[in-house]
Amino acid sequence: MAVTALLLTLGGCASPRHASPASSAEPAPDRPADIYASPATGPQPNVVRTGRYQLVPLAPTSGQRNLLAQAVTIDLPQSMSLTVRDGLVHVLRDSGLRLCPRLSQTGFFSSPLPAVHRELGPTTLSDALQVLAGPAWRLDVDYAKRTVCFDRRARTAQMPPSGRQRS
């Protein structure tokens, strides 16, 4: 009889609590976390330990999110006769982008590549492309087709600003 009274007393105090789904911050044990849910659903780890002293971020780099922000270095041999177009194609190699098809059939940038442009960087892909093209051309990227095009600038905007000008 004393055992029954003890069980009833403990049973009444240990009744299960039902949490509302909105107040539960952690996923149910049988359901994995929703990776597409908004960040407000709870704290998510932003690094993973790959070694005793090494933590790796769990996020894409800026160059992976924006292909024009990736770091590039140009190192072309001085002995080769290259055009500006050759330099552009070299920089775009392995970048995930390619030169615009309408530019591949024309004589676009057939002038020799300046010696100063044969070694460039590290810099962003965007800056490298603009330096190679020169001030007369404006960079235009079609992200859907992953193509890089250049449009001719207005005549007044062709020369970049400089500290000194010759008279």
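One can find the structure itself at the top, above this paragraph.
Residues numbered from 1 in each chain as written. Predicted model: local features only at pLDDT ≥ 70, side-chain atom pairs only at ≥ 80, totals over all residues. Heavy atoms only, no water.

1. Comments concerning the state of the cysteines
Taken as a whole and judged by the stated rule, the model has one disulfide. Across a sulfur-sulfur distance of 2.3 Å, C100 and C149 are joined as a disulfide pair. Measuring the twist about the S-S bond at about 70°, one finds the C100-C149 disulfide to be right-handed. You can see C100 sitting in the loop between β4 (98–99) and α4 (101–104) and its partner C149 sitting in strand β7 (residues 147–152), a full 49 residues away along the chain. Its relative accessible area of 6% is what places C100 among the buried residues. (Disulfide = S-S within 2.5 Å. Helix = DSSP H or I, 4+ residues; strand = E, 2+ residues; numbered from the N terminus. Buried < 20%, exposed > 50% of the residue type's maximum accessible area, 1.4 Å probe, protein only.)

2. As for the nonpolar core
By size, the foremost hydrophobic cluster in this structure holds 26 residues, and its most contacted members are V91, L125, L129, V148 and F150. Mapped onto this core, the elements with two or more residues apiece are β3 (71–75), α3 (84–92), α5 (125–133), β6 (137–142) and β7. Sort the elements by how many residues they give to this core and α5 lands first, with five residues. With residues near it in sequence (within four places) discarded, V91 still touches V72, I74, L125, A128, L129 and L132. (Core = buried A, V, L, I, M, F, W, Y, C linked by side-chain atoms within 4.5 Å. Contact = heavy atoms within 4.5 Å.)

3. Digging into α5
Inspection of α5 places L125, S126, A128, L129, L132 and A133 among the buried residues, and these make up the whole buried set. The arc that holds the buried residues of α5, viewed along the axis, is 165°, so those residues lie on one side. Where the residues of α5 are buried, they touch β3, α3, β5 (119–124), β6 and β7. Looking one or two residues past α5, G134 carries a phi angle of roughly 95°, positive in sign. (Arc of directions from axis to C-beta.)

4. Re the environment of A71
Assignment of secondary structure puts A71 in strand β3. Sequence separation between A71 and S95 is 24 residues; the distance between their C-alpha atoms is 9.7 Å.

5. Considerations on the pattern of salt bridges
Any two side chains of opposite charge can pair, so long as their charged atoms come close to each other. The tally for this structure, following the rule as stated, stands at two salt bridges. One salt bridge in this structure joins D94 and R93, with 3.8 Å as the shortest N-O distance. Across this residue pair, the class does not change: D94 and R93 are exposed. Across the salt bridge formed by R138 and D151, the nearest N and O atoms sit 3.5 Å from each other. Of this pair, R138 sits in strand β6 while D151 sits in strand β7, placing them 13 residues apart in sequence. (Salt bridge = Lys/Arg side-chain N within 4 Å of Asp/Glu carboxyl O.)

6. Some details on the packing of aromatic side chains
The relation between two aromatic rings is expressed through the spacing of the ring centres and the mutual angle of the planes. All chains considered together, the criterion is met by two aromatic pairs. When the ring of F109 is compared with that of W137, the centres are 5.0 Å apart and the planes differ by 90°; the resulting orientation is edge-to-face. With F109 in the loop between α4 and β5 and W137 in strand β6, this pair connects stretches of sequence that are 28 residues apart. The exposure classification of F109 matches that of W137, with both residues buried. The rings of F109, W137 and F150 are connected pair by pair, giving a single aromatic cluster. Here R152 stacks its cationic end above the ring of W137, 5.4 Å away from the centre of that ring. (Phe/Tyr/Trp six-rings, centres within 6.5 Å; stacked < 30°, edge-to-face > 60°. Lys NZ or Arg CZ within 6 Å of the ring centre and 35° of its normal.)

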